[in-house]
Amino acid sequence: MKKPERKKTGRLFLQNLLVMLLALCASNGNAQPPNSTIEKIKKEVENINSVKPKPEVNSFPYKNKCGVRKARIAMYHRNEDVRKIVDAGVGDGDKAATSWNYEYYYKKGQLIFSHETKRYFNNETNREEREEIKQYFVANRLIKQIENGKTTYPKNIFINKSDTRYRLKSITKTSDIDPIYACPDL
């Protein structure tokens, strides 16, 4: 009878060890998100970009005293649900970037992907530079970021509804842009 008890005790020990190892892996904030999650986001972005017939688009041109000379925000809707926002424009190169293209993707109202590219003149290096940032989100938590080709897996970085990428969804006319992109006091 002692042998079956040892087997039970050994099996229980292994089960507890396995549970502890899984808990440690799950609590590791620097752990890479499963590739399947990133792949699902990529597929959703592809789907948004390839939908036919084309989604409804609202377009809002703007400029401001912060150096934005000519820009446009385009909002892509599907069944009144914002799926994509593109903010592209040119600036004076002093107060604003020389040019930019920001793309934000949403699923069921949640930001899932952000791709920002901008060019600007760097006074320190005396040349034009390009910056590119791709961010992947799940439940408003940043799970992967690629900045200028370097990949990181941020730990505990969350965004909320006050983030500009959410505030842009509320635009219904060009004048709605000014409060979102308010000029800083110079």
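Scroll up a little and you will see the structure.
From a predicted model like this one, the values you see are computed outputs, not experimental measurements.

What counts, and where the lines are drawn
Residues numbered from 1 in each chain as written. Predicted model: local features only at pLDDT ≥ 70, side-chain atom pairs only at ≥ 80, totals over all residues. Heavy atoms only, no water. Helix = DSSP H or I, 4+ residues; strand = E, 2+ residues; numbered from the N terminus. Polar contact = N/O pair within 3.5 Å; in protein donor to acceptor, adjacent residues only side chain to side chain. Contact = heavy atoms within 4.5 Å. Buried < 20%, exposed > 50% of the residue type's maximum accessible area, 1.4 Å probe, protein only. Salt bridge = Lys/Arg side-chain N within 4 Å of Asp/Glu carboxyl O. 1 Å grid on protein atoms, 1.4 Å probe; cavity = no way out; pocket = protein on both sides within 12 Å on 5 of 7 lines; lining within 4 Å. Points joined across faces, edges and corners; volume = space filled by probe spheres on them. Nonpolar A, V, L, I, M, F, W, Y, C, P; charged D, E, K, R; others polar.

Undergrad: Could you clarify how one ought to interpret the side chain of H115 in this entry?
TA: Checked against the element boundaries, H115 lands in strand β5 (residues 110-122). Polar side-chain contacts of H115 include one of 2.7 Å to the side chain of E132. Those residues in contact with H115 that lie beyond four places of it in its chain are N101, Y102, E103, E132, I133 and K134.

Undergrad: I tried to follow the environment of A182 on my own but got confused; where do I start?
TA: Counting through the fold element by element, A182 comes out in the segment after α4 (177-180). We classify A182 as exposed; its relative accessible area is 55%.

Undergrad: Even after reading the chapter, I still don't get the pattern of salt bridges, so can you show me in this structure?
TA: Two side chains with opposite charge may pair up if their charged atoms get near one another. As enumerated under the stated definition, the model contains eight salt bridges in all. Residue E39 is joined to K42 by a salt bridge in which the shortest nitrogen-to-oxygen separation is 3.9 Å. In this pair, E39 and K42 both sit in helix α2 (residues 35-50), three residues apart, roughly one turn of the helix. On the basis of relative accessibility, which here comes to 42%, the residue E39 falls in the partly exposed class. Across the pair E44 and R83 runs a salt bridge whose closest N-O atoms are separated by 2.2 Å. Within this pair, whereas E44 is found in helix α2, its partner R83 is found in strand β3 (residues 81-91), the two being separated by 39 residues in sequence. Connected through shared salt-bridge partners, E44, R83 and K107 make up one network.

Undergrad: Quick question: what am I supposed to make of the layout of surface pockets here?
TA: Where empty space is left can be seen by rolling a probe of water-molecule size over the atoms. Size it by volume and the largest pocket reaches roughly 350 Å³. Breaking the lining of the largest pocket down by element, the ones donating at least two residues are β4 (99-107) and β5. Residues belonging to the lining of the largest pocket are distributed by class as follows: twelve nonpolar, one polar and three charged. When its volume is computed, the second largest pocket comes out at roughly 210 Å³. Around the second largest pocket sit T37, K40, I41, E44, K107, Q110, L111, I112, F137, V138 and A139, which together line it. Elements with a minimum of two residues in the lining of the second largest pocket: α2, β5 and β6 (127-138). When residues in the lining of the second largest pocket are grouped by element, the largest group, four residues, is from α2. Considering only residue class, the lining of the second largest pocket consists of six nonpolar, two polar and three charged.

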